[in-house]
Amino acid sequence: MNNISGKVVVITGASSGLGEATARHLAAKGAWLVLVARRKERLDTLASEILTAGGKALALQVDVTQRSDIEQMVARTVEHFGRIDVLVSNAGLMSIAPISASKVDEWERMIDINVKGMLYGIAAALPIFEKQQTGHFINISSIAGMKVFSPGGTVYSGTKFAVRAISEGLRHEVGAHIRTTTVSPGLVDTELKFGSSHAESLAAVNEFYRQQAIPADSVARAIAYAIEQPADVDINEVILRPTVQEF
Ligand code: NDP
C-alpha cells in the first residue's frame, strides 16, 4: 500500500493546470478523485479517462465563489464515496496589473476565488474531518505568497499570503488528527499566465513563463509526497521553484 490508494481526494480547479496534473498523478496511485471546477466538459473527459484506466472519479461542476456549491460538493462526495480524506484547495486566478490601473473587479475575483473559495472549503469539510477524526487540507499558495510579486502582482500576492496565513492558523487550531499542508510553487506551465486583462502585464508574464516555467506534474509529485506520509507526519509547507527561477 502506498498510503494514497483508496483515499478520497477532492481537487478544486481540476479542469486544467496543477489540479488536472495532480488528479492524473493521484489516480495512477489509486486515489479516488472528486474533480471540481466550472468547465464540466473538461472534468467529464478527465473522469472518463480515469475510469477507463480502472480508477474511480466523480466530476462536479462547482463555482468555488458560491458557498452553496462548495457545501454541495462536500455533501455529494460523502454521499458518493462515504468520506473525504483530502481536500486540495487549488482553484485560483492570477490577474496581474499595476495597482494604479485599479482593476477592482479583478481584485475582487482573486479574493473571492483564491481566499474565500478556500475558506468555504474549510468550513464545509472541517465538520466531516472532525467526525472522521482524520482529514488533510492541502492549500495552494505560491512563491508570491512568500514574497510580494510587485509591481503587478500585489493583490495576487495578498491573496496568496492569506492562503499561507490561514493554513498555518488552521494547522495550529485543528491539528491533533487533521493535517494541513501549504504548497507554494514558483513558475509552472499552466493556464494561470493568461489571467490578466492588462495587455502589457500579460505579455511580460507570458514571456517570464516561457523562459522559466516547469511542468505541472512537479507540483503533483509534491502533493503526493504530503499525502503519502503516515498519519502521524504532517508535511506543513512545501516550496518548490524551477531551478532557474531567481524570484
Ligand atoms: P490554471 O488557470 O491552469 O487552473 C486554474 C483552475 O482553477 C482551473 O481548473 C479553473 O477551472 C479553476 N477555477 C478558477 N476559478 C474557479 C471558480 N470560480 N470555481 C471553480 N474553479 C475555478 O492555473 P494553475 O493550475 O496554475 O493554478 C492552480 C493554483 O496554483 C492556483 O491557486 C494558482 O494560484 C496556484 N499557483 C500556480 C502557479 C503557476 O505558476 N502556475 C504558481 C504558484 C501557485 P474552471 O475555469 O473550469 O472553473
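You'll find the structure just up there.
On a predicted model such as this, the values are computed, not experimentally measured, just so you know.

Caption draft 1: Representation of the overall build of the chain. Helix and strand content of the chain: seven helices and seven strands. Projected onto its principal axes, the C-alpha coordinates of the chain cover approximately 50 × 40 × 35 Å. The burial tally for the chain puts 50% of its 247 residues in the buried class. Nonlocal contacts in the chain, meaning residues at least 24 apart in sequence, comprise 71% of its contacts between residues at least 6 apart. In the chain, 24 positive and 26 negative side-chain charges are present, and the distance between their average locations comes to 3 Å.

Caption draft 2: Representation of the site of the ligand within the structure. The environment of the ligand is made up of 30 residues, and the closest members are Arg 38, Arg 39, Tyr 156, Thr 190 and Tyr 209. Within the contact set of the ligand, an oxygen atom lies 2.8 Å away from a side-chain nitrogen or oxygen of Ser 15. Within the complex, the protein chains bury 96% of what would otherwise be the 880 Å² of accessible surface of the ligand. Put simply, the parts of the chain that give the shell around the ligand at least two residues each are helix H1 (17-28) and helix H5 (154-174). For the shell around the ligand, the residue count by class is 14 nonpolar, eleven polar and five charged.

Caption draft 3: Seen up close, the environment of Pro 242. When you line up the elements, Pro 242 lands in the segment after strand E7 (237-240). When the C-alpha positions of Pro 242 and Leu 192 are compared, they lie 16 Å apart, and in sequence the two are 50 residues distant. Beyond its immediate stretch of four places on either side in the chain, Pro 242 contacts Gly 186, Leu 187, Gln 212 and Ile 214.

Caption draft 4: Seen up close, the pattern of salt bridges. Throughout the structure, instances matching the rule amount to 13 salt bridges. Between Asp 85 and Arg 83 there is a salt bridge, with the nearest N and O atoms lying 2.9 Å from each other. On the basis of relative accessibility, which here comes to 13%, the residue Asp 85 falls in the buried class. Overlapping salt bridges bring together Glu 20, Arg 24 and Glu 49 as one network.

Caption draft 5: Quick peek at unusual backbone geometry. The step from Ser 150 to Pro 151 runs through a cis peptide bond, and the omega angle for that step is 0 degrees. By the element assignment, Pro 151 lies in the loop between strand E5 (135-140) and H5. Phi is positive for Ser 102, close to 45 degrees, though the residue is something other than glycine. Of note, Ser 102 is situated in the loop between strand E4 (86-89) and helix H4 (104-132). We note that Gln 133 has phi near 60 degrees; this positive angle belongs to a residue other than glycine. Residue placement: Gln 133 occurs in the loop between H4 and E5. Under the relative-accessibility criterion, Gln 133 is labelled partly exposed at 46%.

Caption draft 6: Quick look at the sheet that holds strand E1 (residues 8-12). Here seven strands make up an open sheet; going across it, the order is E3-E2-E1-E4-E5-E6-E7 and the pairing parallel. Each edge of the sheet is formed by a strand with only one pairing partner; in this case those strands are strand E3 (56-61) and E7. Neighbour to neighbour, the strand axes of the sheet diverge by 15 degrees on average, direction disregarded. Pairing of E4 with E5 involves four bridges; the strand directions are parallel. Counterpart to Val 88 in the pairing with E5 is Ile 138.

Caption draft 7: Highlighting the packing of aromatic side chains. Going through the model one piece at a time under the given rule, you end up with three aromatic pairs. Note on Phe 129 and Phe 137: the rings are 4.7 Å apart at their centroids and 55 degrees apart in plane angle, and the pair reads as tilted. Just as Phe 129 is buried, Phe 137 falls in that class too. Ring geometry for Phe 149 and Phe 247: centres 5.6 Å apart, planes at 50 degrees, overall tilted. In this pair, Phe 149 is assigned in the loop between E5 and H5 and Phe 247 in the segment after E7, connecting sequence segments 98 residues apart. Overall, the relative accessible area of 19% leaves Phe 149 in the buried class.

What counts and what doesn't
Residues numbered from 1 in each chain as written. Predicted model: local features only at pLDDT ≥ 70, side-chain atom pairs only at ≥ 80, totals over all residues. Heavy atoms only, no water. Helix = DSSP H or I, 4+ residues; strand = E, 2+ residues; numbered from the N terminus. Buried < 20%, exposed > 50% of the residue type's maximum accessible area, 1.4 Å probe, protein only. Contact = heavy atoms within 4.5 Å. Lys, Arg positive; Asp, Glu negative; His and termini not counted. Charge placed at Lys NZ, Arg CZ, Asp CG, Glu CD. Near = heavy atom within 4 Å. Polar contact = N/O pair within 3.5 Å; in protein donor to acceptor, adjacent residues only side chain to side chain. Areas by Shrake-Rupley, 256 points an atom, 1.4 Å probe, with all protein chains shown as cover. Nonpolar A, V, L, I, M, F, W, Y, C, P; charged D, E, K, R; others polar. Salt bridge = Lys/Arg side-chain N within 4 Å of Asp/Glu carboxyl O. Pairing = 2+ DSSP bridges. Axes fitted to C-alpha atoms, helices over the stretch in contact; angles between N-to-C directions. Phe/Tyr/Trp six-rings, centres within 6.5 Å; stacked < 30°, edge-to-face > 60°.

By themselves these figures say nothing about function.
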